[in-house]
Amino acid sequence: MFQKDTLDALFADLEVSFASTADYDLLLRDAHLGIALSDAGRDFDAQVDQRVAALIEKHRDDN
């Protein structure tokens, strides 16, 4: 389950990497969805952009 510090790190990574892209808002939306699915123990990989899925995997507390 994500904690505040890991959420902060994930969203900071997302901003640094993708804030200047045209689809940044969609990536933010996918990040919220992917985090919720991850915390619920559900598969998120096929439901969100792969760039977001990689960040979620990188920052998950169980890694």
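On a predicted model such as this, the values are computed, not experimentally measured, just so you know.

Conventions and cut-offs
- Residues numbered from 1 in each chain as written.
- Predicted model: local features only at pLDDT ≥ 70, side-chain atom pairs only at ≥ 80, totals over all residues.
- Heavy atoms only, no water.
- Helix = DSSP H or I, 4+ residues; strand = E, 2+ residues; numbered from the N terminus.
- Expected span 1.5 Å × (residues − 1).
- Buried < 20%, exposed > 50% of the residue type's maximum accessible area, 1.4 Å probe, protein only.
- Arc of directions from axis to C-beta.
- Contact = heavy atoms within 4.5 Å.

Novice: Can you walk me through helix 1 (residues 4–18) in this structure?
Specialist: An α-helix turns once every 3.6 residues. As a result, residues three or four positions apart point the same way. Counted at 1.5 Å a residue, the expected span for helix 1 with its 15 residues is 21 Å, and the 21 Å between its end C-alpha atoms agrees. Burial in helix 1 covers these residues: T6, L10, L14 and F18. Down the axis of helix 1, the buried set is contained in an arc of 75°. They therefore lie on one face. The exposed residues of helix 1 that point more than 90 degrees off its buried face are K4, D5 and V16. Of the surrounding elements, those touching the buried residues of helix 1 are helix 2 (24–39) and helix 3 (50–59).

Novice: Help me understand the side chain of S38, please; the structure alone is not making it clear to me.
Specialist: Of note, S38 is situated in helix 2. If sequence neighbours within four positions are ignored, S38 has contacts with F2, F44, I56 and R60.

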